[in-house]
Amino acid sequence: MASQQNYAKELRKLVAKYKRKEDEDSKYTSLKVFASLVNEENDLAGQRELIAEYLEAEVLEPLKTLAKDITAERKKYLTEGAENYRQLKASLDALDRAKKQYEKASEEAEAATIIRDKADQDPNSTRAKMEKLTQILRSKESAQEGAKNAYILQLQDTNQKRRLHFESEMPQVFNELQTMNAARMEKFKALLVTYAECNRKVFPIINTCLDNITQSANKVNPTQDNQQLVEDIKTGFPIPGDLAIEEYQGKENGKAAKKKPPTLGGGGGGGGATGGGGKAKAEPKEDFSHLPPAQRIKKLEAKVKEVEGAIGKANADKTAMEKMQTIYSANPALGDVKQVEQSLQLTHTKLEALSVELEKFQNLLAEAKNPKPVVESPKLSRTSLSAQAPKSPPKANKKISSTKEPTPSQDDEWGSDDDEDDEPEEKDADVGAAAVCSGMMLYAFTGQNEDELSVDANDKVRIIQDLSDGWLRVQKGAKEGLVPKAYVQIHDE
């Protein structure tokens, strides 16, 4: 019984530890099956507790009563046997005493006979002495005869007691003990049958639980779970394009070579299944812009569904309160119509707020599902940029650290007389590389270098220059810097 209770207790602990409501409604078949297993284990624990109750009532209590009765009865028979043995031992002790008295009397009579015979052979013995010795001898012989008779009587009594003890009294005690033990074994056998029946009573339910576990296990669908996992963690990011070749910039210019932009799925707020880049995770936002595209769409769809449910509930409350208003207006004794009107007004306000919220998330969802096409600014290849570059090297205050400048020739290194005339051409080249458009940040980005600009998702920016290497120079307010091109949704001006 204790083992059943402990088993049930441990099962309850496991159920309490692993039972989760969300597993029952999970999209994964393995989690659903595990939740079913936990529920079945809870039922099995209940059946073990039921077995323990049956055993306590139908086995343990009768077993206690049987043990108590057997102990008392056994004690009775053992006491009876001990009394028989005590009486036998007393008879044997009396026989031993009678025997010793007979031996003593015989020794005394023998000694008196020897003394009288010696006196009879002695010529100096007088007649008075012989009569006295003869009288003593007769007295001793009489005592000997009395002791012998007492010994014979006690011997007969002891033999009779021994026969009674070994042939009647003790066999009867042993028979009673055997009868008692046979009755005990019969009752014990019946209790064993009852024990089996107590377990058999709940076996159909236990088998049902085990069958349910087997049926649930057969519902595990690895392919479906794998597809669901992919659906849950996919980011929706496009496949990155090919990397462009980077021309050798020379030893001096190579020191200022800029780093590569972070790839989608990592870095400044892109997120995703393989997100990382060593940067802190983006803070959750109300519009879910911190999430990858696919995950954002799911969250927005769930939010729209949640708001629609809240609107449905509010409309149901509104309908109920309008009916109450009509009833209370017709019969004021039933309730306070003003209180209903106040509640109705609050419901109207709530519905308006929910409608605004629903429209906002519907727009966000539509925008997330159908993003505006990205209009890229005209790109300047490094070849064309090199062709338009001035003869003299760019000045320090005009150097764009993230743009790789062509290596100057030996003539450029020494300069020329036309440097001042070439400056307007340099300015014209910069203007030619600039993009005349604006954009919106799709994701947050945190600048790591001095020439990079930190922005948040949905920030409006003005694109100044497309650097043709995965980076854009943008302007936000009075600040200007570089951001990854993949993080910007470009709009036509």
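Residues numbered from 1 in each chain as written. Predicted model: local features only at pLDDT ≥ 70, side-chain atom pairs only at ≥ 80, totals over all residues. Heavy atoms only, no water.

**Things to note about a nonpolar patch on the surface**
Selection criterion: The patch calculation keeps residues exceeding 30% relative accessible area without a salt bridge and links them within 9 Å when they carry like charges or within 5 Å when they are nonpolar (Val, Leu, Ile, Met, Phe, Trp, Tyr). In this description, accessible areas are obtained by the Shrake-Rupley approach with a 1.4 Å probe, and a residue is regarded as covered only by the protein chains that are shown. Salt bridges are identified by distance alone: a Lys or Arg side-chain nitrogen within 4 Å of an Asp or Glu carboxyl oxygen. Strands are runs of DSSP state E lasting at least two residues, helices are runs of H or I lasting at least four, and both sets are numbered from the N terminus onward.
On the surface, a nonpolar cluster with roughly 330 Å² of combined accessible area is contributed by Leu63, Met185, Phe188 and Leu192. For the nonpolar patch, the element with the highest residue contribution is helix H4 (residues 127–217), accounting for 3 residues. With respect to the element layout, Met185 can be found in helix H4.

**As for the packing of aromatic side chains**
Let me state the cut-off plainly: Pairing of aromatic side chains requires ring centres within 6.5 Å, counting the rings of Phe and Tyr and the six-membered ring of Trp. Pairs whose planes differ by under 30 degrees are stacked, by over 60 edge-to-face, and all others tilted. Exposure is judged per residue with a 1.4 Å probe applied to protein chains only, and the accessible area is read against the type maximum: over 50% gives exposed, under 20% gives buried, and values in between give partly exposed. Either the NZ atom of lysine or the CZ atom of arginine qualifies as a charge over a ring when it sits within 6 Å of the ring centre and within 35 degrees of the ring normal.
If you walk through the whole model with that rule in mind, you get 5 aromatic pairs. Ring centres 6.1 Å apart and planes at 75° place the aromatic pair Phe445 and Trp471 in the edge-to-face group. Placement of the pair is Phe445 in the loop between strand S1 (434–441) and strand S2 (460–466) and Trp471 in strand S3 (residues 471–476), with a sequence separation of 26 residues. Look at Phe445 and you get buried, because its relative accessible area is 1%. Ring centres 6.0 Å apart and planes at 80° place the aromatic pair Phe445 and Tyr487 in the edge-to-face group. Taken together, the residues span a long stretch of sequence, with Phe445 in the loop between S1 and S2 and Tyr487 in the loop between strand S4 (479–484) and strand S5 (488–492) at a distance of 42 residues. Here the aromatic residues Tyr443, Phe445, Trp471 and Tyr487 are joined through ring pairs into a cluster of three or more. Residue placement shows Lys201 over the ring face of Tyr54; its charged tip is 4.5 Å from the ring centre.

**Some words on the nonpolar core**
The nonpolar side chains of soluble globular proteins are, as a tendency, buried together. How we decide: Side-chain atoms within 4.5 Å are what join buried Ala, Val, Leu, Ile, Met, Phe, Trp, Tyr and Cys residues into a set we call a nonpolar core. When checking whether two residues touch, look at their non-hydrogen atoms; a contact exists if any pair is within 4.5 Å.
Core analysis: the largest hydrophobic core is formed by 18 residues, its most contacted members being Met441, Ile463, Leu472, Val474, Val483 and Val488. Mapped by element, the contributors of at least two residues to this core are S1, S2, S3, S4 and S5. The element contributing the most residues to this core is S3, with 3 residues. Residues contacting Val483, with those up to four places away along its chain left out, are Met441, Phe445, Leu453, Val455, Gly470, Trp471, Leu472, Val474 and Val488. Grouped together as the second largest cluster of nonpolar side chains are 15 residues, Val304, Ala314, Leu351 and Phe361 included.

**Notes on the pattern of salt bridges**
Pairing between side chains of opposite charge can happen when their charged atoms approach one another. Scanning all chains against the criterion turns up 23 salt bridges. The salt bridge involving Lys360 is made with Glu286; its shortest N-O contact spans 2.7 Å. Highlighted residues: Lys360 in helix H8 (residues 337–369) and Glu286 in the loop between helix H6 (251–254) and helix H7 (293–330), separated in sequence by 74 residues. Of the residues examined, Lys360 reaches a relative accessible area of 33% and is grouped as partly exposed. For Glu286, a relative accessible area of 54% corresponds to the exposed category. Each of Glu231, Asp232 and Lys298 takes part in a single network of salt bridges with overlapping partners.

**A short note on the confidence of the model for the chain**
Test applied: Here pLDDT means the predictor's own confidence in every residue, given as a number from 0 to 100.
Averaged over all residues, the pLDDT of the chain is 79; the fraction at 70 or higher stands at 79%. Low confidence marks residues 264–280, where pLDDT is under 50. Its contacts with residues over four positions away, or in another chain, come to 41 contacts. Below pLDDT 50 for its whole length, residues 374–434 participates in 59 contacts with residues either more than four positions away or in separate chains.

**Structural notes on the pairing of S2**
Filter applied, for reference: At least two DSSP bridges between two strands are needed for those strands to be called paired.
As paired elements, S2 and S3 share 4 bridges and run antiparallel to each other. In the sheet register, Asp466 faces S3, and the bridge partner there is Leu472. Taking the residues that link successive antiparallel strands as the turn, the S2-S3 hairpin has 4 residues, and the phi of Ser468 there is positive, at about 65°.

**Examining the environment of Asp466**
Quick reminder of the rule: We call two N or O atoms a polar contact when they sit within 3.5 Å, provided that within protein one can donate a hydrogen and the other can accept it, with sequence-adjacent residues counted only if both atoms are side-chain atoms.
Mapped onto the elements of the fold, Asp466 is located in strand S2. Taking relative accessible area as the criterion, Asp466 reaches 3% and is therefore assigned buried. Taking the C-alpha atoms as reference points, Asp466 and Lys485, separated by 19 residues in sequence, lie 8.2 Å from one another. A polar side-chain atom of Asp466 sits 3.1 Å from a polar atom in the side chain of Lys485.

**So, H7**
Definition in use: The span expected for a helix works out to 1.5 Å for each residue beyond the first.
A rise of 1.5 Å per residue sets the reference length of H7, with its 38 residues, at 56 Å; its end C-alpha atoms lie 55 Å apart and thus fit the reference within 8%. For H7, the full list of buried residues reads Ala294, Gln295, Arg296, Ile297, Leu300, Lys303, Val304, Val307, Ile311, Ala314, Met321 and Tyr328.

**A short note on the pairing of S4**
Direction of pairing for S3 relative to S4: antiparallel, over a ladder of 6 bridges. Within S4, the residue paired with Trp471 across the bridge is Pro484. The antiparallel pairing of S3 with S4 creates a hairpin that spans 2 residues between the two strands, and Gly477 there sits at a positive phi of about 65°.

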